[in-house]
Every structure is written in C-alpha cells, then in structure tokens.
Amino acid sequence: MTGRPTDAVPASPALTPAWPERAAWGTATSLRAWQTAALTDYLDRSPRDFLAVATPGAGKTTFALSAAAELLGRRVVDRIVVVAPTEHLKLQWAEAAARAGIPIDPAYSAGSGKTSADFVGVAVTYAGVAVNPLAMRIRTERFKTLVVLDEIHHAGDAMSWGEGVREAFEPATRRLALTGTPFRSDVNPIPFVTYAPGSDGIPRSVADFTYGYGHALADHVVRPVLFMAYSGDLAWRTRAGDEVAARLGEPLTKDMAAHALRTALDPSGEWIPSVLAAADRRLTEVRRHVPDAGGLVIATDQDAARAYAAILRKVSGEPPVVVLSDEKSASRRIADFTESERRWMVAVRMVSEGVDVPRLAVGVYATSTSTPLFFAQAVGRFVRARARGETASVFVPSVPTLLGYAAEMEVERDHVLGRRISDEDDIFAAEADLLARAQSDVGASDELLGSYEALGSQARFDQVVYDGAAFGHAGEVHVGSDEEMDFLGIPGLLEPDQVRELLHHRQRARRTAAAAGHQPPPEREPTTHEQLSILRRELNALVAAWHHRTGQAHGVTHAALRKELGGPAAAIANADQLHARINRLREWASKPSR
C-alpha cells in the first residue's frame, strides 16, 4: 500500500465502518485504514487529478464518497458527476451516495437539461457521455464540478468513450479516477491518467494511491479465494469434418484450446453439469457457516445462461435468478437477489464488474472470455468481506491461462504504453464482442471459431489453486469421489492462514501416506470408451507435433491418414484403426524428411 499515515480526516457519519478495530494509528472510526490514508493524502495534496487503484471489494465507492463529502463541505466543489460503466452501477452509486447524505440523480442523461434542486449530482454511463459530450461539458463548466470516473480503464483514448470523457470533463475542477484493474492490453492512453517511463523506458500508468489484494487480504478487507479447477475429456467435430478428442488443460494449439473450452462449457455435455453440481455442493458446505451465502454463474451468452439455469434448478431444487442484459428489470433482479437468501444467480456480462452483491461466496467461471481484465473483475464479485473468516470459492476450467491468472491474484499491474500487441491481447475488443453477444437474443455464432460441433465432455477434478500454489490430484480424480469432497468440504469460515495450513496439511498427509507405502487401490480396467479416448488423445498429440514440424494443417494430416489407411474420421475410428494411424505417424516422424 502506498500513501502515508497522518491525522484522521473527518468523514460522513453515514458511512459505515468495516473493521474499525483494525484501523491503523487509532484514527479511523468510519473508514478502513487504507481509505483514511488515501483520503488524507488526497486532501493534503489537493491535486486536480487523482488515480486510486484498489482491489475489487476494498471499498473504492466509500473512499470516493468520503472525498466528495469533504470537497462539498469545504466548498471546493458544488456539483458531482459520477461516470460508471453500466446502468446498474449508476443506481448502485446513487444508493450508496444517498446513504452518505449526497443525493445523486441516476436517471439523468446528457442533454436532458437541468435536474431537480434536490440533487447535488448526477450519475451517467461512459456510453451516455459519448453520445453527447458537449452537453456534459456545458454542465461541467457551469459549476465547480467533481467528476468521479469509476473503472477508469474503460475510457481508452482511441475509443469513443475515451474521446467523450476527455471532451466532457476537461474543464472539471477535480477528477477522481477509480479502478481495481488499471491495466489495459492496448497502447491507448487513458484520459486524465499520468504516465511515467519505467526502468525499461516504456511509459506506465502512475497511481496516486494503490491498495492491492495482498494488503487487503492481510487486513481482512477481502476474502481468501479458493480456485477449484476442473479438467476432463472432450470431443468435437471441426469444420473439416474431423472428430477431435483432447483433455482440457493439456498443451493444445490456439484453435484447439478454444474449441476444447467451448466444448466443456456446452450444456449438452457432462462437463458443465458436473461442475455446477460440484459448485452447488460447495455452496451447501459454505451455507453451514454462512446461511445466506449465494452463488453466481457467469455465462458466455444468453442461450448458455438459460441452459445453465435449467441445470441448476435440477441440481439445487431451486430456480436460480437469471440476469440476461443490462436493463432496469435486470438491475431489480440483482437487487432482489442481493437482499434475499436464494442460492444461485446466472448472468452474462453485467455482473462481472463493479456490481456489489456481498453475500456471493461461490462462483462458476463458465465463460469463454479469458482476458486478464475480465477475469480479475469477475473474481472481484466474490472477494468482498462482510465478516472475518468468510472464504470464497471460484470454479474454473483447468485452462493454463486462467490458472495463471488465479495464481497471480496478488500481482499489481499497470497500464503499459508503447508495446506491440496482437489481436488476442486486445482485451477490450474481446469484452466488446462479449457484451454485444450477451445483450443480443442469440447465442454465440459459429463464425467466432469456425464451423464446430460439440460431441461430448466429461469432467474430472484437477486441483485447488490458492496463494499461488496448487493442491490436488492432477486431473485424475472422478467427480463425486471422496478425494474431490476433501476440497469441496473445506469449511466456509477460515482465516487466510488457516486455509493455507489446511491445504498444506492435506498435501503433506497424501505424501506421507505414499512414502509409507500405502498404495491406492488397484485401478480398474479401462472401459472401451476410455481406451478409445486415450488413443484419440495420443493421435491428436502426434498430429499436433507433426504440424509444428512440417506446418501441415491438422485436417490435412488426418485426411492423409484416412486416405492411406482407410476408415472414418478420428473420433469414431475403432481401436485398430487408431493404432494404425498412430504407428504410421510415428513412422513419418522417424524419417529425416517425408
């Protein structure tokens, strides 16, 4: 955490404390220690622009409203504009501001004229500002205005949102920027953010105050997160008509990895129902200690969300709340879920960022989007602490990229300018595409990954990722087994160090048993289906190796094998045919050149 401890700064009494007994220096009665330090630094220096980076769930809203109350009270400003990414967050800001004694109009839109004299501020979206930035500029110029830019990373300069933000709020008296994830994968500067060269000479964003997940976890401001990773066997048919089998999480080409993840998330297979059932068992365990704990499934599109909801209804015996788009009715459903004790909510995009549902304790990351920004914001929905000892559990596909993000929860990132990027790095393009699909009435198009058909999937428990370490059985544990329940049954109330010690204790116990010669029961003879799956994986691995050696497309290699040896496509070939293709590929590979 950066910033310095100084004397307390009075804050609005309407702002409720989190852990006043943990506030350093004996100064904070209504604010967390980091909020007091940040507010003191802000008021002491009185900069026109201030960027506060705080991990999701740490309380950025409370900090910003405390700063607003002070500036209003000192007559530094007399109007407030809050800019948020979504309509729902506008309402959330207005409700939080009302509790702090600052009336804000969430129904205002640029160009709609004056607001009621009952309000001292308005809440708008970045999209709304981009529609009519001149109207917002005129309003900003008329008053001494504080602009609060929530999740400022959305305002990249080359995007219409960023251009609108710069035009509308350039004349503001004060600008307070907030984010939990300051990094972007493009090279476009964010408006009103300072950049300075790093040790390598490349400009990076400079935060005025930083409060990372590691600090927040140590202060008991956020929950520890257990990532429950699931692998499994998958099969699909490609555009070329080849039927491919692979295991989720094993090294694959980019296209194969995308198809594998999409196959796992297909509701007609066995992978997603198995993972949803495991997540529901975990939620039941958590609710033994936290009776109102809730769960959230983040889906790729509306069709998947509806299908997952139907599965959860069968699994849990209770219909989940389904949130399909960023509309007022959806905001109402989120608010109702927040105040209820219902078990599950299924959503697409809008619950991934900024939405405050403190009782969420179990999540399922069931979306094909795998950018660092989206992952961090999604996980941020589960880390907000209400009482000491609460833990969060997020179920994820065992994909190397996602597991890497999970292991780097405490890594601080900055927005880096001037580096070369590729299309797959453009996280905002991915998010824009996701949002468009999420708010449409149709599911994901096959055009995204080419013609494709999921054929089947099975899930296996892989590992738990916590505190940068992995614990588990390397994808060899069947769903529903006692080994899986060892992790699903972790108590819902544990301090971070207790979680760490419990996981290490179980890992040591397994190693001790192995060293003492306690052999596991003999494995059963694999079924015909399992034998064929093993052969298909071996064949696909050899085809991939041949591709890297020769550059020959996978489909062309499969076609050449079929032409030379006969038989149908790979996934429906019998064992003898698969063995023949494997042996022929090995012959090809053994020769210096073909």
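Here's a quick rundown of the structure. All figures in this text were calculated on a predicted structure; none of them were measured in a lab.

A few words on the packing of helix H9 (residues 271-289) against helix H10 (residues 302-316). Relative to each other, H9 and H10 sit at 50°, their axes nearing to 10 Å. Taken together, H9 and H10 sit at an angle that is classed as oblique. Our pair here, H9 against H10, has a crossing hand that is right-handed. Residues Ile272, Pro273, Leu276, Ala277 and Asp280 of H9 touch H10, and the partners they reach there are Tyr308, Ile311, Leu312, Val315 and Ser316. Of the residues contributing to the contact of H9 with H10, the split by class is eight nonpolar, one polar and one charged.

With parallel pairing, seven strands are arranged side by side in an open sheet as E3-E4-E2-E5-E6-E1-E9. At either end of the open sheet lies a strand with only one pairing partner, and these are strand E3 (104-105) and strand E9 (209-211). Note: strand E2 (residues 79-84) against strand E5 (residues 145-149), five bridges, orientation parallel. In the sheet register, arginine 79 faces E5, and the bridge partner there is threonine 145. Contacts from helix H6 (residues 160-169) reach E2, E5 and strand E6 (174-179) within the one sheet, and its direction differs from that of E5 by about 165°.

With that out of the way, let us pick up the pairing of strand E11 (residues 243-247). The element E11 is extensively covered by neighbouring structure, given that five of its five residues are classed as buried. Residues of E11 alternate between two faces, with Glu243, Ala245 and Arg247 on one and Val244 and Ala246 on the opposite face, all of them buried. Sheet topology places strand E10 (residues 225-237) next to E11; five bridges connect them, and they run antiparallel. What sits directly across from aspartate 233, in E11, is arginine 247. With antiparallel pairing between neighbouring strands as the criterion, E10 and E11 make up a hairpin whose turn holds five residues, including glycine 241 at a positive phi of roughly 90°.

Here we take up helix H8 (residues 254-264). By the burial criterion, the buried members of H8 are Met256, His259, Ala260, Leu261, Arg262, Thr263 and Ala264. Along its buried surface, H8 packs onto E10, E11, H9, strand E16 (392-397), strand E17 (453-466) and helix H18 (554-565).

This model, assessed by the stated rule, comprises 21 salt bridges. Linking lysine 90 and glutamate 87 is a salt bridge whose minimum nitrogen-to-oxygen distance equals 3.1 Å. Of this pair, lysine 90 and glutamate 87 both sit in helix H3 (residues 87-99), three residues apart, which is roughly one turn of the helix. Classification of lysine 90 by relative accessible area gives buried; the value is 7%. The class of glutamate 87 is partly exposed, set by a relative accessible area of 35%.

Counting 122 residues, the largest nonpolar core has Tyr308 and Phe395 as its most contacted members. When sequence neighbours within four positions are dropped, the list of residues in contact with phenylalanine 395 reads Met228, Tyr230, Val275, Ala278, Ala279, Arg282, Val362, Gly363, Val364, Tyr365 and Leu488. By size, the runner-up hydrophobic cluster in this structure holds 23 residues, among which are Val83, Ala172, Ala177 and Ile190.

The subject of this paragraph is unusual backbone geometry. Although it is not a glycine, serine 46 adopts a positive phi angle of roughly 50°. Mapped onto the fold, serine 46 is located in the loop between helix H1 (33-45) and strand E1 (49-54). The partly exposed category is assigned to serine 46, whose relative accessible area is 37%. For phenylalanine 192, which is not glycine, the phi dihedral falls at a positive 65°. Looking at the element boundaries, phenylalanine 192 is found in the loop between E6 and strand E7 (195-197).

Conventions we followed
Each chain has its residues counted from 1, following the order in which its sequence is written. Only residues with pLDDT of at least 70 are given local features in this predicted model, and only at 80 or more are side-chain atom pairs given and counted; all residues enter the totals for whole chains, interfaces and linings. By convention in this description, side-chain values take in all heavy atoms of the structure and omit both hydrogens and water. Axis definition: a line fitted to C-alpha atoms, over the contacting stretch in the case of helices. Angles run 0 to 180 degrees between N-to-C directions. By definition, any uninterrupted DSSP run of H or I lasting at least four residues is a helix, any uninterrupted run of E lasting at least two residues is a strand, and each is numbered from the N terminus. Note that the term roughly parallel is reserved for angles under 35 degrees, roughly antiparallel for angles over 145, roughly perpendicular for angles of 65 to 115, and oblique for everything else. Crossing handedness: left-handed means the near helix sits turned counterclockwise from the far one by under a right angle, and right-handed means the same turn made clockwise. Contacts are assigned to residue pairs that have any heavy atoms within 4.5 Å of one another. Polar here means any residue other than Ala, Val, Leu, Ile, Met, Phe, Trp, Tyr, Cys and Pro, which are nonpolar, and Asp, Glu, Lys and Arg, which are charged; Gly is therefore polar. The pairing criterion for strands is at least two bridges between them, as found by DSSP. Only protein chains enter the accessibility calculation, which uses a 1.4 Å probe. A residue is then buried if its area is under 20% of the maximum for its type, exposed if over 50%, and partly exposed in between. The salt bridge definition used is simple: a Lys or Arg side-chain nitrogen within 4 Å of an Asp or Glu carboxyl oxygen. Nonpolar core, defined: a set of buried Ala, Val, Leu, Ile, Met, Phe, Trp, Tyr and Cys residues in which side-chain atoms within 4.5 Å join the residues together.

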